[in-house]
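Listed below are the residues making up each chain.
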Amino acid sequence: MQSYNLTHLEELESEAIFILREVASQFEKPVMLFSGGKDSIIMFYLARKAFYPAKIPFPLMHIDTGHNFPETILYRDSLMKKTGETLIVKYVQDSIDSGIAIEEKGINASRNGLQTITLLESLEEGKYDCALGGARRDEEKARAKERFFSHRDEFGQWDPKNQRPELWNLFNGKKNNGEHFRVFPISNWTEMDVWQYILHERIELPSLYFSHNREVVKRNGVLLAKCDYIKLKENERWEEKTVRCRTIGDMTCTGVSESKSSSLEEIIAEVAATRITERGGRADDKRSEAAMEDRKKEGYF
């Protein structure tokens, strides 16, 4: 009998594909959350591998804050056109217009937190019983507490103290009416794994991930990119710097990093040398010590 020794990346890929297929077999109506960021892009490519030559057996959903980087939306639309997969776009603006969500006011206002309201509304409206996300355990301490299969109650909330054991790759997707699951196929991947896989598979990414010149302002230790949604304080000025994104989200809270890395190889070398966490430039994570965990308990990704 011929034996095969899988590489580290092949093991991670195999694990993620196994979980994606488990979702397709256990749930009646799953949906994959897609932001246009590198983690959701990898999950999308893994799903295409998992079910090839058939199409992905569930739609993708993007919760659009209306304050996205234009490059992200261009990439998203181009990818869907090229692959022919199904994308559902739900808008935070619609939640605001209907009175379900209330727009933040003030100099540091952001729509990032309002995504939770639109997401929960969209999952209930579509009667989805599982939402696949691209979160990883190494991103943030609250992420590290979560299982592959993360149970959410009838209000879409997460209880970190009440999670099901996952032994020998056995995943329990049983639920009561009104409840659903969040499933994270790339939980065991690190930021370095993601970049090495992107290099190995030659996956195309939004241009934001590579160094480019952009006007930015430094606020609370975070470099924010110039956009119509950020208003300057009296003592602030836009200045041009060579930057790139390590993570992509709402422009009002997604920090950029000074960097001259313009290739995948240079990014991998940069990630290997950095001592700043991937989400260290996310202003939304700095609102409190438990910002991410509080948002996840309320139904965030």
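As shown above, the structure is provided for reference.
Only a predicted model underlies this, so the values are computations on that prediction, with no experimental measurement involved. (Residues numbered from 1 in each chain as written. Predicted model: local features only at pLDDT ≥ 70, side-chain atom pairs only at ≥ 80, totals over all residues. Heavy atoms only, no water.)

*Asks:* So what exactly am I meant to see when it comes to the sheet that holds strand β3 (residues 87–91) here?
*Replies:* Each strand in a sheet pairs with another by means of backbone hydrogen bonds, the pair being arranged parallel or else antiparallel. Pairing is mixed across the open sheet formed by six strands, whose spatial order is β3-β2-β1-β4-β6-β5. Each edge of the open sheet is held by one strand with a lone partner, namely β3 and β5 (149–152). Along the sheet, successive strands turn relative to each other by an average axial angle of 30 degrees, direction set aside. Note that β5 and strand β6 (residues 180–183) share four bridges and pair antiparallel. The residue of β6 that forms the bridge with arginine 152 is histidine 180. Lying on the sheet, helix α2 (residues 38–51) is in contact with β1 (30–33), β2 (60–64) and β4 (130–132); it crosses β1 at an angle near 140 degrees. (Pairing = 2+ DSSP bridges. Helix = DSSP H or I, 4+ residues; strand = E, 2+ residues; numbered from the N terminus. Axes fitted to C-alpha atoms, helices over the stretch in contact; angles between N-to-C directions. Contact = heavy atoms within 4.5 Å.)

*Asks:* Where do I start with the nonpolar core in this structure?
*Replies:* Within soluble globular proteins, side chains that are nonpolar tend to cluster in buried spots. Core analysis: the biggest nonpolar cluster contains 60 residues, and Leu20, Leu46, Phe149, Val183, Trp189 and Trp195 have the highest contact counts within it. In terms of residues, this core owes the most to one element, α2, which gives eight residues. (Core = buried A, V, L, I, M, F, W, Y, C linked by side-chain atoms within 4.5 Å. Buried < 20%, exposed > 50% of the residue type's maximum accessible area, 1.4 Å probe, protein only.)

*Asks:* In this structure, what is going on with the sheet that holds strand β7 (residues 212–219)? I would like to understand it.
*Replies:* Read around the closed barrel, four strands run β7-β8-β10-β9, paired in antiparallel fashion. Taken pair by pair, the neighbouring strands of this sheet meet at an average axis angle of 70 degrees, ignoring direction. Summarising the sheet, strand β8 (residues 222–225) and strand β10 (residues 255–258) pair through two bridges and their orientation is antiparallel. Looking across to β10, one finds that leucine 224 is bridged to glycine 255.

*Asks:* It is not clear to me how the environment of proline 165 should be interpreted in this structure. Could you clarify?
*Replies:* Along the chain, proline 165 falls in the loop between β5 and β6. Proline 165 gets classed as exposed once you look at its relative accessible area, which sits at 61%. Separated by 18 residues in the primary sequence, proline 165 and arginine 147 have C-alpha atoms spaced 8.1 Å apart. Apart from residues no more than four positions distant in its own chain, proline 165 is found in contact with Arg147 and Leu170.

*Asks:* Hey, could you run me through the packing of α2 against helix α6 (residues 191–201) in this one?
*Replies:* To characterise two packed helices, one gives the angle between the axes of the helices and the distance between these axes. The geometry of α2 relative to α6 is characterised by a closest axis approach of 11 Å and an angle of 55 degrees between their N-to-C directions. Taken together, the axis directions place α2 and α6 in an arrangement best described as oblique. Handedness of the crossing formed by α2 with α6: left-handed. Mapping the contact onto sequence places Lys38, Asp39, Ile42, Leu46 and Lys49 in α2 and Glu191, Val194, Trp195, Tyr197, Ile198 and Glu201 in α6. Across the contact of α2 with α6, the residue classes tally to six nonpolar, no polar and five charged. (Parallel < 35°, antiparallel > 145°, perpendicular 65-115°, else oblique. Left-handed = near helix turned anticlockwise from the far one by under 90°. Nonpolar A, V, L, I, M, F, W, Y, C, P; charged D, E, K, R; others polar.)

*Asks:* Could you clarify how one ought to interpret the side chain of histidine 67 in this entry?
*Replies:* Looking at the element boundaries, histidine 67 is found in the loop between β2 and α3 (70–83). Leaving out residues up to four positions away in the same chain, histidine 67 has contacts with Glu103, Arg111, Tyr229, Asp250, Met251 and Thr252.

*Asks:* Help me understand α3 in this model?
*Replies:* For α3, which comprises 14 residues, the first-to-last C-alpha distance of 20 Å matches the rise-based estimate of 20 Å (1.5 Å per residue) to within 8%. Buried within α3 are the following residues: Thr72, Ile73, Tyr75, Arg76, Leu79, Met80 and Thr83. In a view along the axis of α3, the buried residues occupy a sector of 160 degrees, so they form one face of it. Seen from the buried face of α3, the exposed residues on the opposite side, beyond 90 degrees, are Leu74, Lys81 and Lys82. In this structure, the buried side of α3 is in contact with α2, β2 and β3. Remark: glycine 84 follows α3 within two positions and exhibits a positive phi of approximately 75 degrees. (Expected span 1.5 Å × (residues − 1). Arc of directions from axis to C-beta.)

Keep in mind that these numbers describe shape and distance, not what the molecule does.
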